[in-house]
Amino acid sequence: MIEWVGAIVQGTLLGGLYALFAAGLSLIFGVMRLVNIAHGDFIVLSAYLGLSTTLIIGFHPFLALLVVIPVMAGLGYGLQRGVLNRTLGNDILPPLLVTFGLSVIIQNALLEGYSADPQKLNGGAIETASLSLGGLAIGVLPLLTFAIAVAVIAGLQWVFYRTSMGRGFRAVSDNQEIAQLMGLNKAHVFGLAMALALGVSAIAGVLLGVRTSFDPSIGGGRLIFGFEAVIIGGLGNLWGTLVGGVILGVAQTLGAKIDPGWQLLSGHIAFLIVLAIRPNGLFPRVDH
Amino acid sequence: MSAAFVTRSTPASRTAAVLGGVALVLLVAAPWWAGRADMRLMGEIYLYMSLACLWNLMSGYAGLVSVGQQAFVGFGGYMLFALTIFGGFHPIAAIIVAGGLGAVLSIPVAALIFRLRGAYFAIGTWVIAEVFRLSFAQVSALGGGSGSSLPVGIIKSLAASRSGREALSYWLALGAAVVVIAAVYLFLRSRRGLALTAIRDSEVAASGLGINIWRTKLEVYVVTSAFTAIIGGLIFLQKLRISPDAAFSVNDWTAFVIFIVVIGGIGTIEGPIIGTIIFFALRETMADFGTIYLMILGLVAIVVMLKAPKGVWGLIRNRFDLEFFPVSYRVQNKPPEKGS
């Protein structure tokens, strides 16, 4: 019995990581209706940037975030202004295919630069530290990851609803033309949104790298987890995305408990069940 | 006095038909003039051309952008193995049945993922492909995660000699490409094809004209899935070995196909054919560069999408007003008859 409770707790904490994968995806879809197929590859790229930072400067992976977040945010802004803004319009094909091309480029650039060997970020003592709670051992790292996920989502909510940048996001999301008339530069606003999204991906990538080993090919899988969390939680609802991540994580750990081969499959099945009975997700945003 | 009339064929399309017919005769005769390695390569080209034409029909015309067609490629491959090994089917019969099963399976899949819009539909198709991959990896009778090989007896049932088998496998691939291209062409010339073209150009306008968009898209999805499963069966009949990772590879069966269609020209019949030729020309000259080659391919696709969204064929068509597969209508003036 306690094992099952343990699996549910593990899954819940894993869900925090999935929510971090999903938050960036959800943010840019909300602001500019763009689905970034390369999102998972940006997460993996962040993990590799973290690796290089720890190896070159000798920083702890968490300290490496001071380098990785600004680099990814800058990359996001540049990419949005230089490439992705040109793909936005009524046709869904250009953004999809361009980000798909980016995904292949990033994946192969990482293969070229770092080889296909699995890598890991060395987090030191925190990786094995655990808290004992009523017979359950809870890892400090998963707990910290979950706490960071909650903080990031709270932070994004605050940015969205309490800052002038967030007002810009909401304005272009509601109506791009009128937002332009009100003096917003939509190209710049989209650039900021992508910078923020990739900044969050940077956090997700480094936490992923400390938690497990990674190689250049795993980006697609991370995109799918993030996407499933978004759809389960309901489009446009960041707290829903966290719940979606938790449901996905719990489904995976419970599946793994039954049979290790069922871990990923049961996550996907949970997603398909939600899609079948609640196509708009569990907590869709209510438009006022 | 000259009378205007409406026609679909043009001098270019009639010339293309004649040249295409001659080329087809030459290609059918390939087992008598081409080497073993060349035939293998050409077989692969035909199968990629078929996948590209099918993906183009679905994504370029019906607007169902999928990054999960490897689901049906792998399904077709696995059905070939399962039906021949456990069902005692002849391989060709197994491949045709695989197409039928692919069609049946695609209906519940569509019922689920058609709930997702646009780009989310694309990722939904990828999830389905992952579900297929993980499920087939659980089937220990088919080798589980490590896969299995086609037994020798089944391979021999195709033809007694090795050269006979290679020729048959080549003709099957060529036949599949011809059938797929002809089917796409005839479909687009038909009444339903007209509806589909209308949907491609504007969904709102098309539904205003009384076209049932959901139903038209579903039909395209089911037909594409069935053909894709058949092509998958043929691919793994050439490879003779299957594993979940090879069968449901997003790079091999979707990324390359998307690049082919985008570079050749999405939303045209000629585009995927030209794209396949460009893709293989690049691959044969640059494949030694491995990852760099793939990065260049990705870059070319991005540049094409941004600068020339209708691809290489779109550039040619705009420049010369050509159409090798005439699906549009043209008004022409009949020259005045002599002696009148």
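Use the structure listed above.
Residues numbered from 1 in each chain as written. Chains lettered and ligands numbered in written order. Predicted model: local features only at pLDDT ≥ 70, side-chain atom pairs only at ≥ 80, totals over all residues. Heavy atoms only, no water.

**Looking at the overall build of chain B**
And then number 1: The helix and strand tally for chain B stands at 16 helices and four strands.
And then number 2: Over its C-alpha atoms chain B spans a radius of gyration of 21 Å, differing by no more than 12% from the 20 Å that the globule rule assigns to 340 residues.
And then number 3: The C-alpha extent of chain B, read off along each of the three principal axes, is 75 × 50 × 40 Å.
And then number 4: Taking all 340 residues of chain B together, the buried fraction comes to 52%.
And then number 5: For chain B, long-range pairs separated by at least 24 residues make up 77% of all intrachain contacts whose partners lie at least 6 apart in sequence.
And then number 6: When the accessible area of chain B is evaluated, it comes to approximately 14900 Å², of which 67% is carbon and sulfur surface. (Helix = DSSP H or I, 4+ residues; strand = E, 2+ residues; numbered from the N terminus. Rg over C-alpha atoms; globule rule 2.2 N^0.38 Å. Buried < 20%, exposed > 50% of the residue type's maximum accessible area, 1.4 Å probe, protein only. Contact = heavy atoms within 4.5 Å. Areas by Shrake-Rupley, 256 points an atom, 1.4 Å probe, with all protein chains shown as cover.)

**Some points on the overall build of chain A**
And then number 1: When its secondary structure is counted, chain A shows eleven helices and two strands.
And then number 2: Against the compact-globule benchmark of 19 Å for 288 residues, chain A has a radius of gyration of 19 Å, which places it among compact chains.
And then number 3: Each of the three principal axes of chain A carries a C-alpha extent, and together these read 60 × 50 × 35 Å.
And then number 4: Here chain A, with 288 residues, has 55% of them falling under the buried criterion.
And then number 5: Partitioning the intrachain contacts of chain A with sequence separation of at least 6 by distance along the chain shows that 75% fall at a separation of at least 24.
And then number 6: Of note, chain A has its 13 positive side-chain charges centred 12 Å away from the centre of its 12 negative side-chain charges. (Lys, Arg positive; Asp, Glu negative; His and termini not counted. Charge placed at Lys NZ, Arg CZ, Asp CG, Glu CD.)

**What to know about the interface of chain A and chain B**
And then number 1: With 42 residues of chain A in contact, the opposing surface of chain B contributes 38 residues.
And then number 2: For the pairing of chain A and chain B, the buried interface totals around 3600 Å² over both sides, and the portion due to carbon and sulfur atoms is 84%.
And then number 3: Taken together, chain A and chain B are joined by four residue pairs in polar contact (both at pLDDT 80 or more).
And then number 4: Put simply, the parts of the chain that give the side of chain A that touches chain B at least two residues each are helix 1 (2-32), helix 4 (93-114), helix 9 (219-233) and helix 11 (263-277) of chain A.
And then number 5: When residues of the side of chain A that touches chain B are assigned to their parent elements, the largest contribution, 15 residues, is made by helix 4 of chain A.
And then number 6: Split by residue class, the side of chain A that touches chain B holds 31 nonpolar, seven polar and four charged. (Buried area = accessible area lost by both parts, 1.4 Å probe. Polar contact = N/O pair within 3.5 Å; in protein donor to acceptor, adjacent residues only side chain to side chain. Nonpolar A, V, L, I, M, F, W, Y, C, P; charged D, E, K, R; others polar.)

**Section: the environment of Gly298 of chain B**
And then number 1: In this fold, Gly298 of chain B is placed in helix 15 (residues 291-307).
And then number 2: Counting along the chain gives 39 residues from Gly298 of chain B to Phe259 of chain B, while the straight-line C-alpha distance between them is 7.4 Å.
And then number 3: Beyond its immediate sequence surroundings of up to four residues, Gly298 of chain B is in contact with Gly101 and Ile105 of chain A together with Phe259 of chain B.

**Focus on the environment of Ala204 of chain A**
And then number 1: Locating Ala204 of chain A in the fold gives a position in helix 8 (residues 186-211).
And then number 2: Apart from the residues lying within four places of it in its own chain, the contact partners of Ala204 of chain A are Leu17, Leu20, Phe21 and Ile43 of chain A.

**A few points about the nonpolar core**
And then number 1: With 195 residues, the main nonpolar core has Phe227 of chain A together with Trp55 and Tyr221 of chain B as its most contacted residues.
And then number 2: Those residues in contact with Tyr221 of chain B that lie beyond four places of it in its chain are Met58, Leu64, Phe72, Ser106, Val109, Ala110, Ile113, Phe114 and Phe121 of chain B.
And then number 3: Ala195, Ile199, Ala206 and Ile213 of chain B belong to the second-largest nonpolar core, a separate cluster that totals five residues. (Core = buried A, V, L, I, M, F, W, Y, C linked by side-chain atoms within 4.5 Å.)

**Some points on the pattern of salt bridges**
All names here are of chain B.
And then number 1: In the structure shown here, the tally under the stated rule is twelve salt bridges over all chains.
And then number 2: Between Arg200 and Asp201 there is a salt bridge; the shortest N-O distance is 3.1 Å.
And then number 3: For Arg200, a relative accessible area of 31% corresponds to the partly exposed category.
And then number 4: As a salt-bridge pair, Lys217 and Glu203 come within 2.7 Å of each other at their nearest N and O atoms. With Lys217 in helix 11 (residues 213-239) and Glu203 in helix 10 (residues 203-208), this pair connects stretches of sequence that are 14 residues apart.
And then number 5: Take Glu203: its relative accessible area is 38%, and that puts it in the partly exposed class.
And then number 6: Overlapping salt bridges bring together Arg36, Arg162 and Glu166 as one network. (Salt bridge = Lys/Arg side-chain N within 4 Å of Asp/Glu carboxyl O.)

**Focus on the packing of helix 3 (residues 36-61) of chain B against helix 11 of chain B**
Residues and elements named next belong to chain B.
And then number 1: Orientation of helix 3 relative to helix 11, taken along the N-to-C sense of each, is 165°, at an axis distance of 10 Å. Between helix 3 and helix 11, the angle is such that the two are roughly antiparallel. Helix 11 is crossed by helix 3, and the crossing has left-handed handedness. Between helix 3 and helix 11, the contacting residues are Arg40, Gly43, Glu44, Leu47, Ser50, Leu51, Leu54, Leu57 and Met58 on the first element and Val220, Tyr221, Thr224, Phe227, Thr228, Ile231, Leu234, Ile235 and Gln238 on the second. (Axes fitted to C-alpha atoms, helices over the stretch in contact; angles between N-to-C directions. Parallel < 35°, antiparallel > 145°, perpendicular 65-115°, else oblique. Left-handed = near helix turned anticlockwise from the far one by under 90°.)

**Re the packing of aromatic side chains**
And then number 1: This structure, assessed with the given rule, holds 30 aromatic pairs over all chains.
And then number 2: Here the aromatic residues Phe72, Phe75, Tyr78, Phe114, Phe121, Phe132, Phe136, Trp214, Tyr221 and Phe248 of chain B are joined through ring pairs into a cluster of three or more.
And then number 3: In this structure, Arg33 of chain A packs its charged tip against the face of Phe29 of chain A, placed 5.7 Å from the ring centre. (Phe/Tyr/Trp six-rings, centres within 6.5 Å; stacked < 30°, edge-to-face > 60°. Lys NZ or Arg CZ within 6 Å of the ring centre and 35° of its normal.)

Read these as spatial facts, not as claims about activity.
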